Amino acid sequence: MAVSERGEPFRAMLWMIGAVASFSAMAISGREAGLTLDTFEIMTYRSFVGVVVVLLVGAMAGTLSQVRPRALHIHLGRNVFHFAGQNLWFYAMTVMPLAQVISIEFTSPIWVVVFAALFLGEKFTAVKGVTAVMGFIGVLMVAKPDFRVIDPGLVAAALAAVGFALSAVFTKFLTRTATITCILFYLTTMQAVFGLICGFADGHMAWPQGPALAMVGVIGLTGLGAHFCLTRALSLAPASVVMPMDFVRLPVLAFLGWLIYSEGLDLWVIAGSALILSGNLINLRVSAKPR
């Protein structure tokens, strides 16, 4: 059954809370696993954990029959953009300051608002534009990046943001005809193949040991959970409403960085977080009004 594009924005918000929590847990686990594994290895093992979970849950729920070879080019495009964006993001993390990478990554919801209007026919409203601008200003207040030095890492981070945005737009398109089980099946299997090809490109694939093995399991579960929640949110409301909610992930990660790694948490973080949350609340309230 098709879901109205007016959607249920507050239900979508609840699913996005789950997505933000899962993505945040995955980021912490990925940081720990990255001490002994490279990006391609982490993504490969994460995808295989996801394949197992999708097959088990799908078998128990009786939804595996929903996995059909339909619109494979859309699934392929979605996963190519996501896989490329994820790897560009990890590359940027190794060659430029963390704050800069995060601030550039969080231009992704702004790109979603633009791409959703261009490719999905979603109406670009003043409220959506204001939400995007408020979110971006809030990101700059939290991250306080220094853009005076331009290097390849900056380009990689910017391209990663575009890749994530295009992945979200493709996901929204898929929710019109494909079930969540089908979308997650192709997400995990296609990216497992991509990971194996890239992981073995240097002729070596490290096996996770000790704590890294546990972290890979957490990454696989939280990564799959994040995409499940994101897909559910996109099935309930327009992409240009859903994706700006992802701005909330930055203050969440800033708080976790302070709590776990004793990273700085100042008034700029609090003020920027308040601006991000205010913009999203305005967007949600306006989107929920009957037309």
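None of these values were measured; they are calculated from a predicted model. (Residues numbered from 1 in each chain as written. Predicted model: local features only at pLDDT ≥ 70, side-chain atom pairs only at ≥ 80, totals over all residues. Heavy atoms only, no water.)

Along its length, the protein carries 12 helices and 0 strands. For the protein, the α and β elements follow one another from N to C terminus as α-α-α-α-α-α-α-α-α-α-α-α. Along the first, second and third principal axes, the C-alpha atoms of the protein reach 50 × 45 × 30 Å. Across the 291 residues in the protein, those meeting the buried criterion constitute 50%. Summed over its atoms, the accessible surface of the protein is roughly 13600 Å², and 73% of this surface lies on carbon and sulfur atoms. (Helix = DSSP H or I, 4+ residues; strand = E, 2+ residues; numbered from the N terminus. Buried < 20%, exposed > 50% of the residue type's maximum accessible area, 1.4 Å probe, protein only. Areas by Shrake-Rupley, 256 points an atom, 1.4 Å probe, with all protein chains shown as cover.)

On to the environment of Thr125, then. With respect to the secondary-structure elements, Thr125 resides in the loop between helix H5 (108-119) and helix H6 (126-143). Expressed as a C-alpha distance, the spacing of Thr125 and Ser240, which sit 115 residues apart in the sequence, is 9.7 Å.

Under the criterion given, the structure shown has 8 aromatic pairs. Arranged with centres 5.5 Å apart and planes meeting at 55°, the rings of Phe81 and Phe170 form a pair that is tilted. Taken together, the residues span a long stretch of sequence, with Phe81 in helix H3 (residues 72-95) and Phe170 in helix H7 (residues 152-174) at a distance of 89 residues. Of the aromatic side chains, those joined through ring pairs into one cluster are Phe40, Phe83 and Phe194. (Phe/Tyr/Trp six-rings, centres within 6.5 Å; stacked < 30°, edge-to-face > 60°.)

Before going further, it helps to spend a moment on helix H8 (residues 180-199). For H8, which comprises 20 residues, the first-to-last C-alpha distance of 27 Å matches the rise-based estimate of 28 Å (1.5 Å per residue) to within 8%. Judged by how many residues are buried, H8 sits mostly within the fold: 14 of 20 residues are covered. (Expected span 1.5 Å × (residues − 1).)

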